[in-house]
Amino acid sequence: MKSLLLALILVMLIPRTLRAGDNHDSTATQNSLQWKTFDAGFTEAKKTGKKVMVDVFTTWCVWCKRLDKNVYGDPKIAEYLHEHYVTVKLNPETNTTVTYKDTAYSAAQFAQGFGVTGYPTIIFFEPDGTPIDRLGGYVDASHFLPIIQFIGEDFFKTMSWQDFQKKQSGNQKSDKK
């Protein structure tokens, strides 16, 4: 009887564990983003010329889960990310090894090297792996979309964030007329 109960518990937990696990390679998530592993993501970025967005997360992080659901789950954001970025998930609490600039690092070493001190942290890269910027903490969908547009469309190369925000505010006012 105990072994039957244990088997039943395991059957119920396995699907939940797989959903919450670190297998974020090429499988579609509930929000339709195609999360890649670190190495596969950077390889794809070189081929496609898309920027890379690395979401550094942990499985226990409540804000990471909210980011997945409320931000990446937003259809406008998912569509924009799909069009302009290769999206990568990286859990520094695993024994994953990543290769960056021809050097192998543990996921934790990589995260520490890029100044990750809390979760979630999002790191943006050029297609060749050159770092662009880092965003620490949770940002809601309405604020996240302009950030990924600022980086994704290279506005960061020609104007400040403040000028971009002013431009966006001006565009929104003229759209309402």
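Residues numbered from 1 in each chain as written. Predicted model: local features only at pLDDT ≥ 70, side-chain atom pairs only at ≥ 80, totals over all residues. Heavy atoms only, no water.

## Looking at the overall build of the protein chain
Broken down by element type, the protein chain carries seven helices and seven strands. Listing every helix and strand of the protein chain by position from the N terminus yields α-β-α-β-α-α-β-β-β-α-β-β-α-α. For the protein chain, with 177 residues in total, the buried portion stands at 36%. Relative to all contacts within the protein chain whose residues are 6 or more apart in sequence, the contacts with residues 24 or more apart total 61%. Split by element, the accessible area of the protein chain, about 10700 Å² in all, is 55% carbon and sulfur. (Helix = DSSP H or I, 4+ residues; strand = E, 2+ residues; numbered from the N terminus. Buried < 20%, exposed > 50% of the residue type's maximum accessible area, 1.4 Å probe, protein only. Contact = heavy atoms within 4.5 Å. Areas by Shrake-Rupley, 256 points an atom, 1.4 Å probe, with all protein chains shown as cover.)

## Some details on the packing of aromatic side chains
In total, this model carries 21 aromatic pairs according to the counting rule given. Between the aromatic rings of Tyr85 and Phe124, the centroid separation amounts to 5.9 Å while the plane-to-plane angle is 55°, which identifies the pairing as tilted. One end of the pair, Tyr85, is in strand S3 (residues 85-90); the other, Phe124, is in strand S6 (residues 121-125), and 39 residues separate them in sequence. You'll find Tyr85 and Phe124 in the same group, each marked buried. Pairwise contacts between aromatic rings join Phe38, Phe42, Tyr100, Phe110, Phe114 and Phe125 into one cluster. (Phe/Tyr/Trp six-rings, centres within 6.5 Å; stacked < 30°, edge-to-face > 60°.)

## Observations regarding the confidence of the model for the protein chain
This prediction gives the protein chain a mean pLDDT of 84; 79% of its residues lie at or above 70. Across residues 1-31, confidence stays below pLDDT 50; counting only partners more than four residues off in sequence or on other chains, it has 27 contacts. (pLDDT = per-residue confidence, 0-100.)

## Notes on the environment of Thr121
Structurally, Thr121 is set in strand S6. Given the relative accessible area of 4%, Thr121 is considered buried. Filtering out sequence-adjacent residues up to four positions away, Thr121 remains in contact with Val54, Asp55, Val56, Val116, Arg134, Leu135 and Gly136. Polar contacts involving the side chain of Thr121 include one to the main-chain carbonyl oxygen of Gly118, which spans 2.6 Å. (Polar contact = N/O pair within 3.5 Å; in protein donor to acceptor, adjacent residues only side chain to side chain.)

## Some thoughts on the pairing of S3
With six of six residues buried, S3 lies mostly within the body of the structure. Residues Tyr85, Thr87 and Lys89 point to one face of S3 and Val86, Val88 and Leu90 to the other, with burial holding for every one of them. Where strand S2 (residues 51-56) lies against S3, six bridges are found, and the strand directions are parallel. Opposite Asp55, over in S3, you have Lys89 as the bridge partner. (Pairing = 2+ DSSP bridges.)

## Concerning the nonpolar core
Nonpolar side chains in soluble globular proteins tend to be buried together. Counting residues in each nonpolar core, the largest one holds 24 residues, and the members touching the most others are Met53, Tyr72, Leu81, Phe124, Phe144 and Ile148. Sorting the residues of this core by element identifies helix H3 (62-71), helix H4 (75-84), S6 and helix H6 (141-152) as the ones contributing at least two each. Looking at which element gives the most residues to this core, the answer is H6, with seven residues. Listed in part, the 18 residues of the second largest apolar core include Phe38, Phe42, Ala107 and Phe114. (Core = buried A, V, L, I, M, F, W, Y, C linked by side-chain atoms within 4.5 Å.)

## Structural notes on the environment of Trp60
Considering the arrangement of structural elements, one finds Trp60 in the loop between S2 and H3. Considering only alpha carbons, one finds Trp60 and Tyr119, 59 residues apart in sequence, at a separation of 9.7 Å. For Trp60, the contacting residues outside a window of four places in its chain are Glu93 and Tyr119.

## Details of the pattern of salt bridges
According to the stated counting rule, one finds seven salt bridges in the structure shown. Its salt-bridge partner being Asp154, residue Lys51 comes within 2.6 Å of it at the nearest N-O pair. Of this pair, Lys51 sits in strand S2 while Asp154 is found in the loop between H6 and helix H7 (161-176), placing the two residues 103 residues apart along the sequence. The exposure class assigned to Asp154 is partly exposed, which follows from its relative accessible area of 27%. Put simply, Lys51, Glu126, Asp154 and Lys157 are held in one network by salt bridges that share partners. (Salt bridge = Lys/Arg side-chain N within 4 Å of Asp/Glu carboxyl O.)

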